[in-house]
Each structure stands twice: as C-alpha cells, then as structure tokens.
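Now for the letters of each chain:
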Amino acid sequence: MININTFTQLKSIPVEERIRIIEVILQSLKDDFFPKYKPQKVRYKPFKIRKFSLGEEIHIDRDELYSERGV
C-alpha cells in the first residue's frame, strides 16, 4: 500500500511528472505479466543418408508394363 506522505508528495508534483510515473509503473506491470520472449536458436542436425542395396538392378520395359494395364 502507498503511505499518505508519498501520496501527498505525488499530489504536489506537476501533472507531466505524475503521468511519467504512471507510465513507468504500467511498463513494470507489463514486464511482469508478459515477460519478453527470447526464441531459442534452432540447431540444425546434418541430414545423413545411409546407403543400402536392394540387390540387382531391375530394368523394366514400360511398353510391356502399360500394355498389361490396358493403357
């Protein structure tokens, strides 16, 4: 709570200064309610491909394949 002496001192200062005090108080409240979000740096992992073999290389005749489908 604010004490009476502080309140009377605030009444005696100019309006511009009182507004500035209010702005500082509001900014501190905003900082308390909405802390500044600092995004973390995204670390990229290198993409590694494992080679593997499916066996022999297969050659397909497209004409024969499509003729079976009726195209």
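So, here is what we can say about the structure in this document.

1. Focus: the environment of valine 24
Then, number 1: Tracing the sequence through the fold places valine 24 in helix α2 (residues 15-33).
Then, number 2: A relative accessible area of 42% means that valine 24 is categorised as partly exposed.
Then, number 3: Between the C-alpha atom of valine 24 and that of aspartate 61, which follows or precedes it by 37 residues, the distance is 78 Å.

2. With respect to the environment of threonine 6
Then, number 1: Within the fold, threonine 6 resides in helix α1 (residues 4-12).
Then, number 2: Given a relative accessible area of 32%, threonine 6 falls into the partly exposed group.
Then, number 3: Within the structure, the side chain of threonine 6 is placed 2.6 Å from the side chain of asparagine 3, a separation counted as a polar contact.

3. A word on the pattern of salt bridges
Then, number 1: In the structure shown here, the tally under the stated rule is one salt bridge.
Then, number 2: A salt bridge links arginine 20 to glutamate 23; the shortest N-O distance between them is 3.8 Å. Of this pair, arginine 20 and glutamate 23 both sit in helix α2, separated by three residues, roughly a single helical turn.
Then, number 3: Its relative accessible area of 48% is what places arginine 20 among the partly exposed residues.
Then, number 4: The class of glutamate 23 is partly exposed, set by a relative accessible area of 42%.

Basis of the calculations
Residues numbered from 1 in each chain as written. Predicted model: local features only at pLDDT ≥ 70, side-chain atom pairs only at ≥ 80, totals over all residues. Heavy atoms only, no water. Helix = DSSP H or I, 4+ residues; strand = E, 2+ residues; numbered from the N terminus. Buried < 20%, exposed > 50% of the residue type's maximum accessible area, 1.4 Å probe, protein only. Polar contact = N/O pair within 3.5 Å; in protein donor to acceptor, adjacent residues only side chain to side chain. Salt bridge = Lys/Arg side-chain N within 4 Å of Asp/Glu carboxyl O.

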